[in-house]
Amino acid sequence: MDDKYRLQCLGCWLPFDDHYTLECPAQCTALVRTYYRNRQLDIKDLPGMFRYIDWLPVEHSLPLDAGPVSYRSEAFARELGLEHLIVTFSGYWPERKGNILTCSFKELEAQPTVLRLREKGSGILQIASAGNTGRAFCQVSALTGMPVVVVVPAENADRLWTTEEAGSVCLITIEGDYTDAIQLGREIATIPGITPEGGARNVARRDGMGTTMLDGTLAAGRLPDYYFQAVGSGTGGIAAWEAAERLIGDGRFGTHRPELHLSQNVPFIPMVRAWEAGRDWIRHEDMPDARQAIAAVSADVLTNREPPYGVKGGVYDALVATRGRMYAATNDEARSAGALFTETEGIDLDPAAAVCVASLVQAVERDTIDTGRCVLLNITGGGYERVREDHEQHRIEPFLRLPAGASLDDAVRHEIAGWVASHA
Ligand SMILES: *Cc1c(COP(=O)(O)O)cnc(C)c1O
Ligand SMILES: [Zn+2]
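Residues numbered from 1 in each chain as written. Chains lettered and ligands numbered in written order. Predicted model: local features only at pLDDT ≥ 70, side-chain atom pairs only at ≥ 80, totals over all residues. Heavy atoms only, no water.

Draft legend 1. Looking closely at the packing of helix H10 (residues 331-345) against helix H11 (residues 351-365). Put simply, H10 and H11 touch, their axes get as near as 7 Å, and they point 90 degrees apart. Judged by the inter-axis angle, H10 sits roughly perpendicular to H11. Side by side, H10 and H11 meet where Glu333, Ala334, Ala337, Gly338 and Phe341 of the first sit next to Ala354, Val355, Val357, Ala358, Val361 and Gln362 of the second. Looking at the contact of H10 with H11, its residues break down into eight nonpolar, two polar and one charged. (Axes fitted to C-alpha atoms, helices over the stretch in contact; angles between N-to-C directions. Helix = DSSP H or I, 4+ residues; strand = E, 2+ residues; numbered from the N terminus. Parallel < 35°, antiparallel > 145°, perpendicular 65-115°, else oblique. Contact = heavy atoms within 4.5 Å. Nonpolar A, V, L, I, M, F, W, Y, C, P; charged D, E, K, R; others polar.)

Right under this line is the structure:
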């Protein structure tokens with residue numbers, strides 16, 4: 001293999017070159033995975049997450065100093081009675097060199113995705129988001145000038161801010177929830193010149209998120225025994241599994257796959273229900289009264305109704321391969337576990353990260369882990385209060401505001417196409 005990496009379909013094992021390819025060229029439904037030429041991870045002297053460029057599907061780096069940071073917890077670990085707890089933090093926490101200014105690990109997806117499109121694809125990126133993903137892509141757009149089209153639920157529009165003025169963002173809001181935004185986004189992606197970012201099917205997103213596993217493993221000096229993360233789509237869980245496979249292939253970090261301990265927020269817990277029933281598919285009954293359930297959770301970034309769960313190479317396969325587990329945490333459990341973490345470690349958390357902390361508390365209480373072994377706690381977002389003290393936040397004004405149930409009529413299509421033409 002002369003190239004830095006190739007892609008390979010996990011269904012038919014066809015290898016192929018990357019043209020910002022999201023699907024198997026033979027039309028399999030399976031996920032496509034990256035295979036890197038360098039089997040051993042060589043840490044580069046580059047800013048932020050680009051330390052791990054060896055295992056990112058990009059040729060160049062961005063001059064952005066934003067990546068995951070990891071450390072061994074003392075105070076919180078003592079509270080829980082854990083002997084070896086590694087916290088991997090993606091957010092803003094200058095005391096620990098955490099410099100993701102949009103405060104979530106979605107920026108680890110956004111940076112390599114924007115670059116990969118520039119290097120291997122074409123068109124303007126379109127993203128549907130509950131807020132965190134949109135904010136991350138807006139920030140990368142603001143810092144690189146790459147244009148993006150972002151669709152979010154209207155009531156989450158205030159989550160879209162950047163620390164520098166964003167001049168190339170087309171923000172579209174729709175009355176409804178995350179699923180409505182995804183649906184509208186799908187229609188918008190049919191406008192010529194627009195490229196869907198691809199979600200879990202985009203290897204840049206997965207390998208970008210996988211840097212949390214790389215960072216945590218380097219901090220621990222070995223692969224952790226357990227990996228804890230809150231999931232909505234589960235893309236981060238899949239990414240952690242894939243990164244662990246690469247680290248095993250590296251040979252220096254152990255041979256044991258970290259167990260994935262993934263969590264969702266009650267009452268919206270489709271993957272928990274499917275997993276506990278032993279199914280590799282999600283049924284309608286796994287998410288009863290979805291709309292109300294989604295409205296009731298404290299962490300709405302975890303409310304994806306169509307996660308890549310049963311797809312080959314998806315969440316179910318990741319759980320099986322790692323002998324993993326799923327947890328369900330209530331808002332109250334998340335709130336009190338999050339408060340304990342903030343008290344002991346000294347940083348505010350994204351509500352989704354609080355769900356993850358609650359799952360770790362449950363694991364200790366219910367003896368689903370051995371407290372003597374090494375735990376990687378993926379704090380996927382935090383530092384919102386902290387970043388406000390140090391950085392300006394520019395709100396992004398919507399280009400279009402669409403009502404509930406809106407679909408793309410010709411007038412709306414035309415307006416978006418006009419924006420695309422003037423930013424291509
Ligand atoms: C998106 C998000 C998650 C869930 O990520 P997955 O894509 O489901 O792996 C968890 N925490 C935060 C803060 C997020 O923004
Ligand atoms: Zn295939």
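Draft legend 2. Main features of the UniProt feature "binding site: pyridoxal 5'-phosphate" (unreviewed entry) in the chain. In this numbering, the UniProt entry assigns the feature "binding site: pyridoxal 5'-phosphate" (unreviewed entry) to Asn132 and Thr380. Spatial clustering of the annotated residues is evident: they stretch over 249 residues in sequence, but the largest pairwise C-alpha distance comes to 10.6 Å. By secondary structure assignment, the location of Asn132 is in helix H3 (residues 132-144). In this structure Asn132 comes out as buried when scored by relative accessible area, which is 6%. (UniProt positions renumbered as here; feature names shortened; annotations may be inferred. Buried < 20%, exposed > 50% of the residue type's maximum accessible area, 1.4 Å probe, protein only.)

Draft legend 3. How the structure looks around the coordination of the zinc ion (ligand 2). Summarising the metal site, the zinc ion (ligand 2) is bound by the protein donors Cys9 (SG), Cys12 (SG), Cys24 (SG) and Cys28 (SG), whose distances to it range over 2.3 to 2.4 Å. With four donor atoms in place around the zinc ion (ligand 2) and angles of 107 to 112 degrees between them, the coordination shape is tetrahedral. Site description for the zinc ion (ligand 2): donor spacing in sequence, C-x2-C-x11-C-x3-C. With a gap of 16 residues between them, Cys12 in the loop between strand E1 (5-9) and strand E2 (15-16) and Cys28 in the loop between E2 and strand E3 (32-36) connect regions that are remote in the sequence. A residue is classified by how much of its surface remains accessible, and Cys12, at 36% relative accessible area, is partly exposed. Cys28 sits in the partly exposed class, given a relative accessible area of 22%. (Donors = N, O, S within 2.8 Å, 3.2 Å for Na, K, Ca; no water. Tetrahedral: all angles 85-135°; square planar, octahedral: opposite > 155°, others 65-115°.)

Draft legend 4. Structural view of the sheet that holds strand E9 (residues 148-153). Spatial strand order, E12-E8-E9-E11-E18: five strands in an open sheet with parallel pairing. Each edge of the sheet is formed by a strand with only one pairing partner; in this case those strands are strand E12 (194-196) and strand E18 (400-402). When the angles between neighbouring strand axes are averaged without regard to direction, this sheet yields 25 degrees. Across three bridges, the pairing between strand E8 (residues 124-128) and E12 is parallel. Along E12, the bridge assignment pairs Leu125 with Thr195. Where helix H4 (residues 178-188) meets the sheet, its contacts fall on E8, E9, strand E11 (169-174), E12 and E18, and the angle it forms with E9 comes to roughly 150 degrees. (Pairing = 2+ DSSP bridges.)

Draft legend 5. Inspection of the site of ligand 1 at higher detail. Taken together, 18 residues lie near ligand 1, and Lys106, Gly232, Ser233, Gly236 and Thr380 sit nearest. One of the backbone N or O atoms of Gly234 is found 2.8 Å from an oxygen atom in ligand 1. Contact between ligand 1 and Gly236: an oxygen atom at 2.6 Å from a main-chain N or O atom of the residue. Compared with its free state, where it exposes 390 Å², ligand 1 has 97% of that area covered by protein. Of all the secondary structure elements, the ones that give two or more residues to the shell around ligand 1 are strand E13 (226-230) and helix H6 (235-250). Each residue belonging to the shell around ligand 1 can be placed in one class, and the counts come to seven nonpolar, nine polar and two charged. (Near = heavy atom within 4 Å. Polar contact = N/O pair within 3.5 Å; in protein donor to acceptor, adjacent residues only side chain to side chain. Areas by Shrake-Rupley, 256 points an atom, 1.4 Å probe, with all protein chains shown as cover.)

Draft legend 6. The side chain of Gln229, seen in detail. By secondary structure assignment, the location of Gln229 is in strand E13. A residue is classified by how much of its surface remains accessible, and Gln229, at 2% relative accessible area, is buried.

Draft legend 7. Quick look at the UniProt feature "modified residue: N6-(pyridoxal phosphate)lysine" (unreviewed entry) in the chain. With numbering aligned to this structure, UniProt lists the feature "modified residue: N6-(pyridoxal phosphate)lysine" (unreviewed entry) at Lys106. Discounting chain neighbours no more than four positions away, the residues touching Lys106 are Asn132, Thr133, Ala136 and Arg205.

Draft legend 8. Quick peek at the domain arrangement of the chain. Domains assigned within the chain are domain 1 (69-103 + 204-386) and domain 2 (124-192 + 393-423). Here domain 1 and domain 2 have C-alpha centroids that lie 27 Å from each other. Domain 1 puts 13 residues into the contact, and the matching count from domain 2 is 16 residues. Across the domain 1/domain 2 interface, buried area totals approximately 1300 Å², and carbon plus sulfur atoms make up 44% of it. Inspection of the domain 1/domain 2 interface yields five salt bridges. Between Arg159 and Asp300 there is a salt bridge; the shortest N-O distance is 3.0 Å. Inspection of the domain 1/domain 2 interface yields eight residue pairs in polar contact (both at pLDDT 80 or more). Within the side of domain 1 that touches domain 2, the residues separate by chemical class into four nonpolar, three polar and six charged. (Domains from an automatic or database assignment. Buried area = accessible area lost by both parts, 1.4 Å probe. Salt bridge = Lys/Arg side-chain N within 4 Å of Asp/Glu carboxyl O.)

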